[in-house]
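Chain residues, written in single-letter form:
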Amino acid sequence: MKNVQSLRNAVMVSLLAGTTLVWGGTAFAQEDLQEFALEDMVITASRVPTQKVDTPADISVITKEEIADQNYASASDALRAIPGVNVLGSGAKGSSMGQDKILLNGDERVLVLVDGRRMNLGSSGNSSADWLPPVNAIERIEVLKGGGSALYGTDAVGGVINVIMKKGSEIGNHVTVKAAGGSWNAEQYAISASGSNDSGLGLIVSATKERRGEYKFKNANGKSQMLKNSGYDDTGVIVKLDQKVGEDNRIGVNFEHINADGGSPFGYSGFGNTDSHKRISNNVALRYDWNESSDERGYVQVYKNYQHAHFRSPVASRQSNFTDSTIGIEAQQNFKFSDTDELTAGLEYYKTTVDNNALYTGKRDINNKAIFAENRWEFAPTWQLNAGLRYDHHSKYGSEVTPKVALNKKFDENSNAYLSWGRVFNAPTTDDLFWYQPGMYPTYGDPNLKPEKGYVWTFGGNTKLNDKTDISASVFYSDIKDAIDWVWDGGTTTQAINVNKEKRRGLELSLNHDFDDNLSAYASYTYVQVKQDKGKGFIKDLTTKPNIYRAGLKYKNADWLFTLNANAVTGQSEKNFVDSSYFTLDLGAQYKINDNAKLFINGYNLTNARYAEFGGLYKNGEARYPMAGRSFIIGAEYTF
């Protein structure tokens, strides 16, 4: 046992010291690294429930309890608190289908799933954070950082986000209503109802309404300014029905609807007040699971995702009216050969059709067929080797094989270290290939683009400094050939190109500390550096946020809950951002009236900072997508 502890200590200390030597920063050591609890189960890393300590990956989990404690208005707000996650949004929602894209470790090639179902658009390749399910219907969100192409395919170069929905048959009968209002005429309403019967039938119905008027931001001169035409009005409905079949099987049906309407204040040459947007999403899925509580579990799922976007403008070059529709099917089976050896295998097919007469020269479609498998083998006590392989056949780019190998060392039942390597393959999107927009500001795709290929390394670990303080650390590195980028020629034209090579490296450190049973704190630091070689040697990508710091406090007793969350960024390029750094502070308070009712108030950006998540400057030095200034929301929630 002493040798195991020594090995664990050596690995964690070398990891922390290594991040300092390679990346810069401050390392710290502890003579007596303790154990800590990692017994929670995760699904996304291996596609089947696995103890986190047996998972050789950098994975974070947002639970329904954390969502309730923070009173998040949306799933994107919850994601913003996770180390290594960056949501590129704006204070308004009416920019494009690719806005509010989610980055993991500075990489936008992220696959977004809902109950394992692919949500990425075929047009942009992203899934907007605005399209995630409402928080009152979410059981948990799992965030897998690092290459996931071997199990998940072409979109998962930077990682995977899996939103896992609640099941009506598991949460009982109740109705929850929520109402809130605040700055800039903001209104938030939500109602969710769940129920089940003795025959195993469960139902969840969730409806949300969120609207807000024009918001204020701090402009390049440091003054608060109202952004005209920035209001929005969003409505969402989710219906989920599941029925137990026999003792250990289940069939489920999901329907999701989103209707978003509002202004589009972001133009090429400055803010405008004439453009508007309307976006509709209708998704449906049918899934059958068998042997749910067994090691030999499996499922089959069919789905259709439909998105329609209409961007309206008196300027023809800004108009767009298109649909993005995906149909898919996937099946998976787990095989347990012994206590130390198991295999997960499956197949997947999806086809995306994009009908965009405004930006394409006609209707376009792509499809992909794949088979995949991963073997998890405990080849020695406390040592595990995961080996995965995926075969994809893309309708435009033919066949590709992506392997992945990961090694996990479990020091005890509650701590681990891991090393993973995987090949990646990412096919161009229909926008990358077929965008054709002549006019005042022409934008063109390239039908001859090559797919992105390369590899991703991740090395990390989890341990504890003492009984109340745990730490996690990871370093990552990727090398991508023929990376796809959109390049502005310095005049009026933007073109999709293949970059010779792209290298991405970084580190992530996080710490959690419990002062006592009521007061806890967290802190994290993420460093990302991206360099691209466009034929003249490697140059830094100046759109990247190189240093992200997050910290917070939470106090919770039987009646009261207080949260304080700080976010800071340093090292930004002032060629793409108004400031090189910024600091924001959010504060929340909640009072529990009784077991069924609570009151809450949240304050956002209390420092009234001038900042932008999404880079870009107008000619006058103004941020293209400025985030909102100081704001408040006060509300109540009741369950009966």
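Each remark here, short or long, concerns the structure printed above.
About the cut-offs
Residues numbered from 1 in each chain as written. Predicted model: local features only at pLDDT ≥ 70, side-chain atom pairs only at ≥ 80, totals over all residues. Heavy atoms only, no water. Helix = DSSP H or I, 4+ residues; strand = E, 2+ residues; numbered from the N terminus. Rg over C-alpha atoms; globule rule 2.2 N^0.38 Å. Buried < 20%, exposed > 50% of the residue type's maximum accessible area, 1.4 Å probe, protein only. Phe/Tyr/Trp six-rings, centres within 6.5 Å; stacked < 30°, edge-to-face > 60°. Salt bridge = Lys/Arg side-chain N within 4 Å of Asp/Glu carboxyl O. Pairing = 2+ DSSP bridges. Contact = heavy atoms within 4.5 Å. Core = buried A, V, L, I, M, F, W, Y, C linked by side-chain atoms within 4.5 Å. Polar contact = N/O pair within 3.5 Å; in protein donor to acceptor, adjacent residues only side chain to side chain.

J.: Sorry if this is basic, but what is going on with the overall build of the chain here?
T.: Within the chain, the regular secondary structure consists of six helices and 36 strands. Its C-alpha atoms give the chain a radius of gyration of 24 Å, within 12% of the compact-globule value 26 Å for 640 residues. Along the longest, intermediate and shortest principal axes, the C-alpha atoms of the chain span 70 × 60 × 55 Å. Burial status across the chain gives 53% buried among its 640 residues.

J.: Can you walk me through the packing of aromatic side chains in this structure?
T.: The relative placement of two aromatic rings is captured by the distance of their centres and the angle of their planes. Scanning all chains against the criterion turns up 18 aromatic pairs. Residues Tyr288 and Trp290 carry aromatic rings whose centres are separated by 6.1 Å and whose planes lie at 40 degrees to one another, so their mutual orientation is tilted. Residue classification places Trp290 among the partly exposed positions, given a relative accessible area of 23%. Measuring from centroid to centroid gives 5.0 Å for Tyr525 and Tyr549, while their planes differ by 35 degrees, and the two rings are tilted.

J.: How do you make sense of the pattern of salt bridges when you look at a structure like this?
T.: One side chain can pair with another of opposite charge once the charged atoms of both are near each other. For the coordinates displayed, the defined rule picks out 32 salt bridges. One salt bridge in this structure joins Glu256 and Arg117, with 2.6 Å as the shortest N-O distance. Within this pair, whereas Glu256 is found in strand β16 (residues 249–263), its partner Arg117 is found in strand β7 (residues 117–118), the two being separated by 139 residues in sequence. Across the pair Glu187 and Arg211 runs a salt bridge whose closest N-O atoms are separated by 3.2 Å. Placement of the pair is Glu187 in strand β11 (residues 186–196) and Arg211 in strand β12 (residues 201–212), with a sequence separation of 24 residues. Using a relative accessible area of 24% as the deciding quantity, one classes Glu187 as partly exposed. For Arg211, a relative accessible area of 32% translates into the label partly exposed. The structure contains a network of salt bridges with shared partners spanning Asp107, Arg109, Glu452, Glu502 and Arg504.

J.: What exactly am I supposed to notice about the pairing of strand β10 (residues 174–182) here?
T.: Bridge count between β10 and β11: nine bridges; the pairing is antiparallel. Pairing of Val177 across the sheet is with Ile191, part of β11. If you look at the hairpin formed by β10 and β11, you'll find three residues sitting between the two strands, and Trp184 has a positive phi there, around 60 degrees. Bridge count for β10 against strand β36 (residues 631–639) is seven bridges, and the pairing is antiparallel. By the bridge assignment for β36, Ala179 is matched with Ala636.

J.: Teacher, can you tell me more about unusual backbone geometry here?
T.: Peptide bonds are mostly trans, and most non-glycine residues show a negative phi. The phi dihedral of Asp115 is positive, around 50 degrees, even though this residue is not glycine. Within the secondary structure layout, Asp115 lies in the loop between β6 (110–114) and β7. Of note in the backbone geometry, Asn608 takes a positive phi value of approximately 55 degrees without being a glycine. As for its position among the elements, Asn608 is in the loop between β35 (597–604) and β36. Residue classification places Asn608 among the buried residues on the basis of a relative accessible area of 13%.

J.: Got a minute to help me understand the pairing of strand β29 (residues 494–514) in this structure?
T.: Here is the key point about a regular strand: its side chains alternate between the two faces of the sheet. One ladder, built from two bridges, connects strand β26 (residues 443–444) with β29; its direction is parallel. Each residue of the ladder has a partner; that of Tyr444, found in β29, is Gln495. Pairing geometry for strand β28 (residues 469–488) and β29, over 19 bridges, is antiparallel. Each residue of the ladder has a partner; that of Asp470, found in β29, is Asn512. In sequence, β28 turns back onto β29 through a hairpin of five residues, with Gly490 there showing a positive phi of about 90 degrees. Where β29 lies against strand β30 (residues 519–533), 14 bridges are found, and the strand directions are antiparallel. Bridge pairing in β30 links Leu509 to Tyr525. Where β29 folds back onto β30 in an antiparallel hairpin, the turn is made up of four residues.

J.: Would you explain the sheet that holds strand β3 (residues 58–63) in this entry?
T.: What links the strands of a sheet is backbone hydrogen bonding, and the strands pair in either a parallel or an antiparallel sense. Across the sheet, which stays open at both edges, the five strands sit in the order β3-β8-β9-β6-β7 with mixed pairing between neighbours. Strands at the two margins of the open sheet, each flanked by one partner only, are β3 and β7. Two elements, β6 and β7, share two bridges in a ladder whose sense is antiparallel. Each bridged residue has a counterpart across the sheet, and for Leu113 the counterpart in β7 is Arg118.

J.: When you look at the environment of Asp514 in this model, what are you seeing that I'm missing?
T.: Counting through the fold element by element, Asp514 comes out in strand β29. A sequence separation of 276 residues divides Asp514 from Ile238, and the C-alpha atoms of the two residues are 37 Å apart. Not counting chain neighbours up to four residues away, the residues in contact with Asp514 comprise Lys468, Leu519 and Ser520.

J.: Could you clarify how one ought to interpret the nonpolar core in this entry?
T.: Across soluble globular proteins, nonpolar side chains have a tendency to be buried as a group. Ranked by internal contacts, the top residues of the largest apolar core, which has 26 residues, are Leu79, Val85, Ile102, Ile141 and Ile161. Of all the secondary structure elements, the ones that give two or more residues to this core are α3 (75–79), β4 (85–88), β5 (101–104), β6, β8 (138–145) and β9 (159–165). With residues near it in sequence (within four places) discarded, Ile141 still touches Ser60, Val61, Ile62, Ala75, Leu79, Ile161, Asn162 and Val163. Ranked by size, the runner-up nonpolar core spans 14 residues in total, among them Phe311, Val354, Tyr360 and Ala496.

J.: Hey, could you run me through the side chain of Glu613 in this one?
T.: Counting through the fold element by element, Glu613 comes out in the loop between β35 and β36. The residues contacting Glu613, other than those within four sequence positions of it, are Arg80, Asn86, Val87, Leu88, Gly89, Lys545, Phe577, Tyr582 and Met627.

J.: What exactly am I supposed to notice about the environment of Gln307 here?
T.: By the element assignment, Gln307 lies in strand β18 (residues 298–312). For the pair Gln307 and Gln319, spaced twelve residues apart in the sequence, the C-alpha separation amounts to 17 Å. At a separation of 3.4 Å, a polar atom in the side chain of Gln307 contacts the side chain of Ser281.

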